[in-house]
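A closer look at the structure
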Amino acid sequence: MTILSILKFPDPRLHTVAKPVAVVDERVRTIVRDMAQTMYEANGVGLAATQVDIHERIVVVDASEARTSYQVFINPEIIAQSMEKKEWEEGCLSVPEVYDIVARPDRIRVRALNEHGEAFELDCDELLAVCLQHEIDHLNGKVFVQHLSSLKQNRIKTKLKKQQAQS
Ligand code: GNR
Ligand code: NI
């Protein structure tokens, strides 16, 4: 297993649109395992392949308290969403030390493939719904700060460039 390195905003590679996975094979399962290990090591709730510079539609999420089992979403699609939105304070492993409120649909239904290539559908709410929408944004090249005002985005860019110059 390998801990992968996580791209940091404003890295332009975070804006790459990921390609669908054609076959779920050992190559993909290795990526999934490495992503899960990377997510746990970084204490993240989820991780999208885009964040580790792999531009394929793969997401891992563990929204549990115990953090003992993760869910795999390959080629995830939101097939239904509630009209009601909910505000949640989001953070991102690619945007360290930045937290801000984003409004998103409260509940979603997601269709995806698991690590065996089997299709499933899942109704999501609370943290799982927020996190999956955040991860699917990553696959589409979108970072959560892009939901904020351009003033805030510019402040965040300046702050992260300073952080990165120091490290
Ligand atoms: O660890 C994470 N926490 C989190 C909190 C609120 C909303 C979304 C997230 S996802 C984030 C991990 C991450 O950056 N995934 O892309
Ligand atoms: Ni993120």
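Please read all numbers here as calculations on a predicted model, not as lab measurements.

**Some points on the coordination of the nickel ion (ligand 2)**
Here the nickel ion (ligand 2) is held by Cys92 (SG), His134 (NE2) and His138 (NE2), and the distances to it run 2.1 to 2.3 Å. Ordering the donors of the nickel ion (ligand 2) by residue number gives the pattern C-x41-H-x3-H. Placement of both His134 and His138 in helix H2 (residues 126-139) is noted, with a separation of four residues, approximately one turn of the helix. Judged on exposure class, the residue His134 and its partner His138 are both buried.

**Digging into the site of ligand 1**
Lining the immediate surroundings of ligand 1 are 13 residues, of which Val45, Gln51, Leu93, Glu135 and His138 lie closest. At a separation of 2.8 Å, an oxygen atom of ligand 1 approaches a polar side-chain atom of Gln51. The separation between an oxygen atom of ligand 1 and a polar side-chain atom of His138 is 3.0 Å. Bound to the protein, ligand 1 loses 90% of the 380 Å² it would expose on its own. Looking at the shell around ligand 1, the elements with two or more residues in it are strand S4 (85-90) and H2. In terms of residue count, the dominant contributor to the shell around ligand 1 is H2 (four residues). Classifying every residue of the shell around ligand 1 gives four nonpolar, six polar and three charged.

**Here we look at the sheet that holds strand S3 (residues 71-81)**
Taken in spatial order, the five strands line up as S1-S2-S3-S6-S7 in an open sheet, and their pairing is antiparallel. Taken across any chain shown, the strands that pair with only one partner, and hence form the sheet edges, are strand S1 (46-48) and strand S7 (119-124). Ignoring strand direction, the axes of neighbouring strands in this sheet form an average angle of 40 degrees. Note that S1 and strand S2 (residues 58-61) share three bridges and pair antiparallel. Within the sheet, the bridge partner assigned to Ala48 lies in S2 and is Val59. Against the sheet, helix H1 (residues 26-41) makes contact with S1, S2 and S3, and its axis sits at roughly 40 degrees relative to S2, the strand it touches most. Against the sheet, H2 engages S1, S2, S3, strand S6 (108-113) and S7, with an angle of about 155 degrees to S2.

**Comments concerning the pairing of S3**
The pairing of S2 with S3 spans four bridges and is antiparallel. Among the inter-strand pairings, Ile58 is bridged to a residue of S3, identified as Ile74. Here S3 runs beside S6; their pairing, made up of five bridges, is antiparallel. Within S6, the residue paired with Ile78 across the bridge is Val110.

**Some details on the side chain of Gln133**
With respect to the helices and strands, Gln133 occurs in helix H2. Exposure remark for Gln133: the relative accessible area of 7% places this residue in the buried category. Engagement of the side chain of Gln133 in a polar contact is seen with the backbone oxygen of Pro105, the distance being 3.0 Å. The residues contacting Gln133, other than those within four sequence positions of it, are Ile78, Arg104, Pro105 and Ile108.

Parameters at a glance
Residues numbered from 1 in each chain as written. Chains lettered and ligands numbered in written order. Predicted model: local features only at pLDDT ≥ 70, side-chain atom pairs only at ≥ 80, totals over all residues. Heavy atoms only, no water. Donors = N, O, S within 2.8 Å, 3.2 Å for Na, K, Ca; no water. Helix = DSSP H or I, 4+ residues; strand = E, 2+ residues; numbered from the N terminus. Buried < 20%, exposed > 50% of the residue type's maximum accessible area, 1.4 Å probe, protein only. Near = heavy atom within 4 Å. Polar contact = N/O pair within 3.5 Å; in protein donor to acceptor, adjacent residues only side chain to side chain. Areas by Shrake-Rupley, 256 points an atom, 1.4 Å probe, with all protein chains shown as cover. Nonpolar A, V, L, I, M, F, W, Y, C, P; charged D, E, K, R; others polar. Pairing = 2+ DSSP bridges. Axes fitted to C-alpha atoms, helices over the stretch in contact; angles between N-to-C directions. Contact = heavy atoms within 4.5 Å.

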